[in-house]
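Reading the structure
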Amino acid sequence: MKSMYLRINPFLTASLILLAGCDDHKLKQPREDVAKTSSEESSRDGREIDREFARTLAREFGREFAREFARQLAEGNQSIAVPTIASAGTVDETLEKGEFVNANGRAHPLIAHCSEDVLEFYSKHPDAFSIENTSAIPADLEWEDGSDESEFASPKAKKGGTWNVFMSDFPRTLRTIGPDANGAFRSYLLDYNALSLVMPHPNSDGYYPGLAKSWAVGKDGKTVFFQLDPDARYSDGNPVRASDFLFTFYFMRSKHVQAPWYNDFYGKDKFLKVTLYDEKTLSIKFYKAKPDVVERVSLRPIPEHFYIELDGEFLKKYQWKPEPTTGPYVALPENIDKGKSVTLVRQKDWWANQKKFHRYRFNPDRIHVTVIRDYNKAFEIFLKGGIDMFGLAKTEFWYEKIPDEHPLVVNGYLTKLTFFNQIPPPSYAMRINSQKPPLDNKDARIGLHHAMNFDLILKKIFRGDYVRMNTMADGYGARSHPTLRAREFSVEKATEYFAKAGYSKRGPDGILVNKKGERLSVEVMTGYKHYEDVLVVLKEEAKKAGLELKLKILERTAAWKTAGEKNHQVVFSAFNSFVELFPRFWEPYHSDNAYEETGDSKFEADGSLKPNLTTKPSTNNFTQTAVREIDHLIDLYRPEEDLGKITEMAHQLSTMIHDHGVYVPAWKKPWLRVGHWNWVKFPEDWGPKETRDYEEFQVFWIEESAKDKILKAQKEGKPVAEKPTVRVYEKYKNN
Amino acid sequence: MIRKPSLNPITRKKLQRFRSIKRGYWSFLLLFFLFGFSLLGELFVNKRALLVWHEGELFFPTYGSQIAGKTFGLDYEYETNYRELKRKFQEDDSSHWVLMPPVPYDPFEMDYAKEDSTGFSPPSLADGHFCGTDKTERDVLARLLYGFRIAMIFSFGYLILIYIIAICAGCLMGYFGGKTDILGLRLVEIWANVPFLYMVIILVSVMPGWWGIGWQVASLLFIMVLFSWTGMTYYVRAAVYKEKARDYVAAARVLGASPFRVIFRHLLPNVISTLVTFAPFTVAAAISSITALDFLGYGLPAPTPSWGELLKQGVSNLRIAPWIVISTVSALVLTLTLVTFVGEAVREAFDPKKFSTYE
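Keep in mind that what you see is a predicted model, and the values were worked out from it rather than measured.

1. Regarding the overall build of chain B
The secondary structure content of chain B amounts to 14 helices and three strands. For chain B, with 359 residues in total, the buried portion stands at 49%. Put simply, of all contacts in chain B between residues at least 6 apart along the chain, 66% involve residues at least 24 apart. If you sum the accessible surface of chain B, you get close to 18,500 Å²; carbon and sulfur atoms cover 67% of it.

In structure tokens:
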């Protein structure tokens with residue numbers, strides 16, 4: 001269980017995503033006031049001032065300053081901290097280790113191609129970036145290269161053909177970062193395409209090589225050494241250099257890219273140090289010796305030669321200029337039909353064409369992504385053969401719109417398949433805001449748990465295909481609590497708990513009232529219009545327990561805004577949990593994410609909350625959980641490095657959160673359901689076990705001859721298979 | 001002195017003429033009947049029983065508070081499921097009985113009684129689902145009927161509010177003329193250019209959630225009125241302009257009548273006949289806009305029964321549940337046709353060419 005998404009699509013990982021046909025969600029990004037950032041300011045002014053001149057001036061000044069500094073130092077003024085640039089002031093011409101620029105302003109050969117701004121950035125952060133001699137690499141490292149892992153693609157795969165898919169909206173940019181870049185199309189540029197240093201193996205707990213041909217974890221458990229594949233190059237022919245990984249930090253932390261999330265993600269607090277040893281060797285030091293440190297630091301390089309001028313014009317300049325990629329598919333400007341489609345073309349001479357783990361993947365010659373705005377229309381086009389594959393997770397699609405008896409399936413033109421996968425499910429749940437009455441009372445919350453008839457939903461709306469989620473951390477292997485179960489629907493138990501909370505009498509409409517005459521009425525808010533029917537059923541069933549649910553179904557952005565401001569009573573939502581070794585508790589359950597007051601200062605001596613605390617908006621603690629014991633355990637859990645202890649604490653936390661009663665787990669689906677035309681072929685097992693999405697690992701291939709055959713047979717009305725092509729792949733089914 | 005309300009002879013003549021236009025008149029009666037029927041909908045389409053005879057006592061559950069299952073010897077405290085109660089009484093062969101309405105379902109309740117029911121049951125006489133069920137096994141007929149009631153009440157409210165605003169604004173501009181007119185008309189023009197649909201979408205999404213459904217519906221009505229009253233003002237203004245030049249207005253003014261009195265006592269009755277002809281079309285417009293808004297998902301809050309919501313379900317499941325679209329579209333076409341027929345008849349009956357006398 002690892003997090004490939006963490007690096008190649010980090011934004012998604014933190015955001016609440018849209019599921020089931022709504023993949024274009026954007027989390028509200030905390031926008032920084034652009035005007036405030038000085039670099040932005042200077043770049044604007046830069047248009048009027050000669051920038052070259054300004055740089056020379058700055059360098060001269062810096063040198064002057066450094067000389068003066070060194071002089072003072074020599075005079076014994078030891079109290080002054082030594083800035084790195086001081087080394088530039090020494091007369092020594094040779095490059096010492098750890099030095100970026102020597103006295104003459106000449107850069108180290110490994111970064112000689114870098115622009116002044118970039119060099120300056122490195123020099124300013126000598127503790128975070130360094131250059132060492134190869135002799136500094138520890139000799140006793142255990143290098144791995146993934147050779148003991150097995151390939152997950154099929155040697156039968158054939159190259160060629162066009163893969164037709166659809167997107168619901170035309171991408172607003174071809175940038176992969178910055179405003180509007182987080183659209184669904186980005187997956188075709190990054191997730192399904194670009195390689196990072198090392199990739200987590202989707203069938204095992206190991207890794208397989210990406211851009212790095214071998215890697216090793218240092219003795220401290222925090223530093224990972226990588227040796228780049230000598231063949232690795234970008235689609236424009238330039239080789240991947242170790243210094244590109246240094247540049248990644250310059251790029252990601254730049255204000256010009258206007259991506260605060262990335263600015264923060266690539267921050268100094270997580271990536272302690274990046275060291276270059278030669279053109280192809282580097283090491284990255286993570287802030288903690290986590291068991292999965294390799295994937296945490298497995299970055300994607302940013303091609304420095306492409307972004308040679310990174311300035312305030314970034315957004316405009318790169319809006320429709322796709323970045324050279326290390327992956328097989330390129331989006332060339334001439335293949336973009338604005339507003340209609342984007343065609344990605346496979347590079348014939350892709351550098352990893354013959355590499356193990358990559359050679360049988362990425363098979364189609366072209367990926368043709370068409371804009372079809374309406375989901376139902378896309379489905380009709382799929383039935384006509386205009387799209388090769390379609391997700392059939394929705395019940396009505398699977399059972400009604402394309403039943404097993406559908407002529408296309410019976411005649412063997414089209415396959416319906418169920419593939420059982422093993423990934424942490426998106427956390428569909430009702431999150432109760434424990435701050436708002438009447439749900440600030442624990443008994444009322446637990447009563448609400450028992451009043452939610454999810455069993456009926458699973459049975460009737462999802463026809464028994466989905467299963468109930470049990471904890472807030474399902475799908476993390478041993479880290480998930482083995483025995484904890486979601487509270488069942490029970491009118492008796494619900495009314496019993498509601499009575500404890502003071503709601504014991506039924507009003508004229510059957511809704512419970514308390515002594516003050518207040519009705520037990522709760523507002524449930526959601527941004528998922530397509531789950532309206534689920535909520536409507538829950539509402540009707542909750543009436544039996546004397547609870548009124550008022551439904552508020554909002555636009556997605558409006559819903560997140562309301563929830564972010566913590567103005568909801570109950571929010572029905574889902575987080576996309578990405579493949580990771582252990583669950584996260586701090587973001588959704590630590591009191592520091594509920595109130596502005598930090599640490600234990602918000603609790604009275606007996607552990608209860610102090611009055612008049614300030615609610616903290618825009619965090620993922622949608623339940624406003626603030627329990628001192630949970631806080632303390634999370635504080636221990638986060639820095640823990642031993643997997644056994646992590647497991648134990650994760651179980652404890654799951655139980656505590658269950659007892660606190662703020663999270664009503666809804667459902668999960670342990671499979672992928674897909675329909676595809678039979679000219680699309682798959683490996684024997686269909687896909688690796690951690691497949692989240694049918695396009696993710698690109699193991700399929702297109703058989704052009706089969707396509708002609710099927711289309712011809714369809715025209716003549718003849719079947720191409722003896723029985724209906726309905727398949728189930730149960731190899732990875734969990735019981 | 002109280003005057004006996006009597007219609008003025010011209011109006012009486014107009015009404016007579018309306019009655020003589022058979023198509024419009026019968027449409028009016030049918031529409032009136034349908035609306036009346038929908039107001040009494042609880043007696044015909046309801047999950048609550050009309051009558052229950054239990055242990056020597058007669059219950060009328062239709063209106064009033066809900067009756068807990070325990071009252072009838074069932075083992076639960078929530079509202080009695082009368083269909084089950086009926087079955088139970090029949091099975092027990094007891095002297096107790098239940099009289100259910102012809103369609104024993106309400107628009108909110110999911111009929112998951114059958115093991116294999118998973119939504120979209122086709123129309124069935126035996127189950128009492130005459131128009132089938134929707135995705136969550138709610139009765140389509142029940143939703144149609146209650147949706148009709150809400151749409152009609154909504155559109156009458158819309159009509160009344162629009163007329164009040166338009167008459168006030170139009171009369172003010174028309175009667176005072178001059179700067180009032182120029183300024184007022186400019187304001188109306190500006191206001192009319194605010195895109196209606198966007199405003200509704202924006203305002204609906206910021207409505208506070210703690211409002212009850214009644215408030216939400218009312219506020220939707222206000223929002224719609226707020227952005228669509230302008231069209232009618234032009235007609236009122238023009239009509240008032242025309243009328244105020246007449247001698248009777250001058251006479252009233254000479255007698256010292258205040259502008260308020262002149263407008264509402266003298267001008268309005270003469271202007272109103274122009275406006276009446278627009279009324280049925282305004283109703284039709286209101287029904288279509290509320291349906292359209294619901295279809296887009298910006299209308300009445302779920303799970304309020306509404307035609308737009310039914311249409312949306314029907315369109316996205318056209319192949320598997322054609323009965324939803326068929327019944328909803330038929331109902332919509334029928335209603336709008338009736339309203340249009342009424343409108344045409346009213347227009348013809350109130351045609352000024354037939355009755356106006358110019359001095």
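2. Here's the deal with the interface of chain A and chain B
Listed per partner, the contact involves 32 residues of chain A and 31 residues of chain B. Seen at the junction of chain A and chain B, the total is four salt bridges. On the surface where chain A and chain B come into contact, there are four residue pairs in polar contact (both at pLDDT 80 or more). Elements with a contribution of two residues or more to the side of chain A that touches chain B: helix H11 (375-384), helix H12 (395-401), helix H15 (454-461), helix H17 (532-544) and strand E19 (548-553) of chain A. Element by element, the count of residues in the side of chain A that touches chain B is highest for H17(A), at nine residues. In terms of residue class, the side of chain A that touches chain B is made up of nine nonpolar, two polar and 21 charged.

3. Some thoughts on H15(A)
Residues lying three or four places apart along an α-helix face the same way, a consequence of the helix completing one turn every 3.6 residues. All names here are of chain A. Counting buried residues along H15, six of its eight residues qualify, which places the element largely inside the surrounding structure. Looking at H15, one finds that the buried residues are Phe454, Leu456, Ile457, Leu458, Lys460 and Ile461. On its buried side, H15 packs onto H12, strand E14 (429-432), strand E15 (467-468), H17, strand E21 (663-665) and strand E22 (667-668). Arg463, located one to two residues past H15, shows a positive phi value of around 50°.

4. Concerning the sheet that holds E19(A)
Residues and elements named next belong to chain A. An order of E19-E18-E20-E14-E21 is seen for the five strands of this open sheet, with the pairing classed as mixed. A strand with exactly one partner marks an edge of an open sheet, and here the two such strands are E19 and E21. Pairs of neighbouring strands in the sheet enclose a mean axial angle of 25°, with direction left out of account. Helix H18 (residues 556-564) contacts strand E18 (521-526) and strand E20 (570-573) of the sheet and is inclined by roughly 130° relative to E18.

5. Observations regarding the side chain of Thr343(A)
Mapped onto the secondary structure, Thr343(A) falls in strand E10 (residues 341-346). Only 3.0 Å separates the side chain of Thr343(A) from the side chain of His368(A), close enough to count as a polar contact.

6. Points about a negative patch on the surface
All names here are of chain A. Taken together, the side chains of Asp140, Glu142, Glu144, Asp145 and Asp148 present a region of like negative charge at the surface. Considering the arrangement of structural elements, one finds Glu144 in the loop between strand E1 (129-131) and strand E2 (162-167). You can call Glu144 partly exposed: its relative accessible area is 41%.

7. Structural notes on the pairing of strand E7 (residues 271-278) of chain A
All names here are of chain A. When E1 meets E7, the two strands line up parallel, connected through three bridges. Of the residues in E7, the one forming a bridge with Ile131 is Leu276. With six bridges connecting them, E7 and strand E8 (residues 281-286) associate as antiparallel partners. Within E8, the position partnered with Val274 by the bridge is Ile284. The antiparallel hairpin formed by E7 and E8 contains two residues in its connecting segment.

8. Examining the pairing of strand E23 (residues 671-677) of chain A
Residue and element names in this part refer to chain A. When you tally the buried positions in E23, you get seven out of seven residues, the bulk of the element. Side-chain alternation along E23 places Trp671, Arg673, Gly675 and Trp677 on one buried face and Leu672, Val674 and His676 on a second face that is also buried. With three bridges joining them, strand E12 (residues 389-391) and E23 adopt antiparallel strand pairing. Residue pairing in the sheet places Gly391 in a bridge with Val674 of E23.

9. Topic: the pattern of salt bridges
What the rule picks out here adds up to 44 salt bridges over all chains. As a salt-bridge pair, Arg300(A) and Glu323(A) come within 3.0 Å of each other at their nearest N and O atoms. Here Glu323(A) lies in the loop between helix H10 (314-317) and strand E9 (329-337) and Arg300(A) lies in the loop between helix H9 (293-296) and H10, a separation of 23 residues in the sequence. Arg48(B) is the partner of Glu79(B) in a salt bridge, and the nearest nitrogen-oxygen pair spans 2.7 Å. A residue pair is termed long-range when its members are at least 10 positions apart, and Glu79(B) in the loop between strand E2 (57-59) and helix H3 (82-92) and Arg48(B) in the loop between helix H2 (22-39) and strand E1 (51-54) qualify at 31 residues. Like Glu79(B), the residue Arg48(B) is buried in the burial classification. It is possible to trace a salt-bridge network through shared partners that takes in Asp134(B), Arg138(B), Arg143(B) and Glu309(B).

10. What to know about the packing of aromatic side chains
Residues and elements named next belong to chain A. In total, this model carries 80 aromatic pairs over all chains according to the counting rule given. Residues Phe382 and Phe390 carry aromatic rings whose centres are separated by 5.5 Å and whose planes lie at 25° to one another, so their mutual orientation is stacked. Of the two residues, Phe382 and Phe390, neither departs from the other in class, the shared state being buried. The positively charged end of Lys401 is found above the aromatic ring belonging to Phe397, 4.5 Å away from the centroid. Here the guanidinium or amino end of Lys416 rests over the ring plane of Trp398, the centre of that ring lying 4.2 Å away.

Rules used throughout
- Residues numbered from 1 in each chain as written.
- Chains lettered and ligands numbered in written order.
- Predicted model: local features only at pLDDT ≥ 70, side-chain atom pairs only at ≥ 80, totals over all residues.
- Heavy atoms only, no water.
- Helix = DSSP H or I, 4+ residues; strand = E, 2+ residues; numbered from the N terminus.
- Buried < 20%, exposed > 50% of the residue type's maximum accessible area, 1.4 Å probe, protein only.
- Contact = heavy atoms within 4.5 Å.
- Areas by Shrake-Rupley, 256 points an atom, 1.4 Å probe, with all protein chains shown as cover.
- Salt bridge = Lys/Arg side-chain N within 4 Å of Asp/Glu carboxyl O.
- Polar contact = N/O pair within 3.5 Å; in protein donor to acceptor, adjacent residues only side chain to side chain.
- Nonpolar A, V, L, I, M, F, W, Y, C, P; charged D, E, K, R; others polar.
- Pairing = 2+ DSSP bridges.
- Axes fitted to C-alpha atoms, helices over the stretch in contact; angles between N-to-C directions.
- Patch = residues over 30% accessible without salt bridge, like charges linked within 9 Å, V, L, I, M, F, W, Y side chains within 5 Å.
- Lys, Arg positive; Asp, Glu negative; His and termini not counted.
- Charge placed at Lys NZ, Arg CZ, Asp CG, Glu CD.
- Phe/Tyr/Trp six-rings, centres within 6.5 Å; stacked < 30°, edge-to-face > 60°.
- Lys NZ or Arg CZ within 6 Å of the ring centre and 35° of its normal.

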